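# Fold and contact review
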Amino acid sequence: MKPLVIFGGSFDPIHNGHLRIANTASEKYDADVVFVLAKTPRWKTVNESEEDRLNMLSLALAETCNERFSISRTELDRDGDFSYSIDTVKEFCAMYPGRKIYFLIGADQVNQFDKWRQSDEIASLATVIFSNRPGFDINMENVEKFHMESLNFLESGSVSSTRVRGLNFMDIPVSVYSYIIDNHLYFVKELEKHIKPARLKHSESVAMTAYNIAKQISIEMGEKALITGLLHDLGKSTHEEEARAIIEENYPEYKDYPEYSLHQWVGRYMAEELFGVTDEDVLNAIEFHCTGRAEMSSLEKIIYSADKIEPTRGYDSSDMIRACEEDYEEGFLYVLKENMKFLDDKPLGVQNKLTQECRDYYLGD
Ligand SMILES: [Fe+2]
Ligand SMILES: [Fe+2]
């Protein structure tokens, strides 16, 4: 029988870093990996229910299609308020006599492993392995005392469940992302405090449309597009007077812009203040999604386009969506042209300098 890696955690939520670590452990030890969802981890508070965390784990594993991965409910089904790792390890040892068992923990757990219940026994029944984390100081005393082995894996990336929950980093399987949206988990609850339901539906649709366009550049760009799409209309519920005050204080050169465009600056402001966004590219894409401007970045073009063409807008935009998904630069020009036609048909036409500069720069009239 192949060795078995026990990978326990709260998976709140599961992210691609977990999956990359599991994959490395599986390859290094030629092992199967069982993800054991923790009931109530003693060292942290859990944000979402067992059911939701389990559902996300199932979706993530289904999406990876790795036949060596499986899920165990053993800790969830155990009686009592807490579940302990020693009981889990014992259970797997009893289930598979003679099978080599590894017990996988995160770098942050190495340093407190000596405080775990029956840590000596865990280390005698299973080989404890851990994933390194760049810049994280490992307590070598524990490594030696418990004969731990390092996965020597530094590529788990900078994703963490905390960063996913805060809408800070979206390095998660897309099925998990959709589950979070559909079930109003984590950052969605925070968005709901600031964005009205119909507007949020539009934002979610912009996010997914932008993701589908941006992944032609890279998956990382797709993940950024999801975050930007969700946040782009954050300033929409702010009343004009308050919006003008925020703009006068923070972006004075735009203080006389028409009312419909004000929410792009307020949105940028709120993304920084409420969601701690620091990525300039994301902030700029929020800031210019309504007016556009000359010399736009790839993400700015993608968000500008997705905002105009997302499928719940109420007209047939399938042609433009297809064009953007094929080539986001060409698609952007197509969307921009159509939008200029739309504005030219309005009594006031193009009313602002940024949009005029965008038009001149890209369409050259
Ligand atoms: Fe907008
Ligand atoms: Fe929008």
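What comes next is a walk through the structure. Just so you know, these numbers come straight off a predicted model, no measurement behind them. Sequence order sets the numbering: in each chain, residues are counted from 1 along the sequence as written. Chain A is the first chain written and ligand 1 is the first ligand written, with later ones labelled in order. With pLDDT at 70 or above as the cut-off, local features in this predicted model cover only qualifying residues; side-chain atom pairs require 80 or more to be listed or tallied, and sums for whole chains, interfaces and linings still use all residues. Remark: hydrogens and water are excluded; side-chain values derive from all non-hydrogen atoms of the structure.

Let us now look at the coordination of the iron ion (ligand 1). Only nitrogen, oxygen and sulfur atoms within 2.8 Å of the metal, or 3.2 Å for Na, K and Ca, are treated as donors, and water is left out, so sites may look incomplete. The iron ion (ligand 1) binds to the protein through D233 (OD), H263 (NE2) and H289 (NE2); the donor distances cover 2.1 to 2.2 Å. In this structure, the iron ion (ligand 1) is positioned 3.3 Å from the iron ion (ligand 2), and both are ligated by D233. With H263 in helix 14 (residues 262–275) and H289 in the loop between helix 15 (280–287) and helix 16 (298–309), this residue pair connects regions lying 26 residues apart in the sequence. Side by side, H263 and H289 carry an identical accessibility label, which is buried. Strands here are runs of E lasting at least two residues and helices are runs of H or I lasting at least four, both read from the DSSP assignment and numbered beginning at the N terminus. When a residue's accessible area, from a 1.4 Å probe over protein chains only, is under 20% of the maximum for its type it is buried; when over 50% it is exposed; and in between it is partly exposed.

Of note, D32 is situated in strand 2 (residues 32–37). Taking relative accessible area as the criterion, D32 reaches 24% and is therefore assigned partly exposed. In this structure the C-alpha to C-alpha distance between D32 and D77, which are 45 residues apart in sequence, comes to 22 Å. By definition in these notes, contact holds between two residues if any of their heavy atoms fall within 4.5 Å. Beyond its immediate sequence surroundings of up to four residues, D32 is in contact with K2, P3, L4, V5, R68 and R99.

The subject of this paragraph is the sheet that holds strand 3 (residues 69–72). Pairing in this open sheet of 6 strands is parallel, and the strands run 3-2-1-4-5-6 from one edge to the other. A strand with exactly one partner marks an edge of an open sheet, and here the two such strands are strand 3 and strand 6 (149–150). Strand direction decides the pairing type here: strand 4 (residues 101–106) and strand 5 (residues 127–131), joined by 5 bridges, are parallel. Bridge pairing in strand 5 links Y102 to T127. Think of each axis as a best-fit line through the C-alpha atoms, taken over the contacting stretch in the case of a helix, with angles from 0 to 180 degrees between the N-to-C directions. On top of the sheet, helix 2 (residues 50–64) reaches strand 2 and strand 3; it is set at about 165 degrees to strand 3, its chief contact. Between any two strands, at least two bridges found by DSSP are needed for them to pair.

Surrounding the iron ion (ligand 2) are the protein donor atoms H202 (NE2), H232 (NE2), D233 (OD) and D307 (OD), which sit 2.2 to 2.3 Å from the metal. What the 4 donor atoms of the iron ion (ligand 2) show is an angle range of 83 to 176 degrees at the metal, which sorts the shape as irregular. In terms of primary sequence, the donors binding the iron ion (ligand 2) are separated according to H-x29-H-D-x73-D. Donor angles set the geometry label: tetrahedral for four donors if every angle is between 85 and 135 degrees, square planar for four and octahedral for six if opposite donors exceed 155 degrees and the others are between 65 and 115, irregular for anything else.

This paragraph deals with helix 17 (residues 318–326). Listed as buried for helix 17 are M320, I321 and C324. Along helix 17, the residues classed as buried sweep out an arc of 100 degrees about the axis, all on the same side. Packed against the buried residues of helix 17 are helix 11 (197–214), helix 16 and helix 18 (328–344). By arc we mean the arc of the directions from the helix axis to the C-beta atoms, nothing more.

In this section: helix 14. With 14 residues, helix 14 ought to run about 20 Å at 1.5 Å a step, and its terminal C-alpha atoms sit 19 Å apart, in line with that. Most of helix 14 is tucked away, with 10 of its 14 residues classed as buried. Turning to helix 14, its buried residues are L262, H263, Q264, W265, V266, G267, R268, M270, A271 and F275. The elements touched by buried residues of helix 14 are helix 10 (187–194), helix 12 (219–231), helix 13 (240–250), helix 15 and helix 19 (353–363). Trailing helix 14 by a residue or two, G276 shows a phi angle of about 65 degrees, which is positive. In this scheme, a helix's expected span is set at 1.5 Å multiplied by one less than its residue total.

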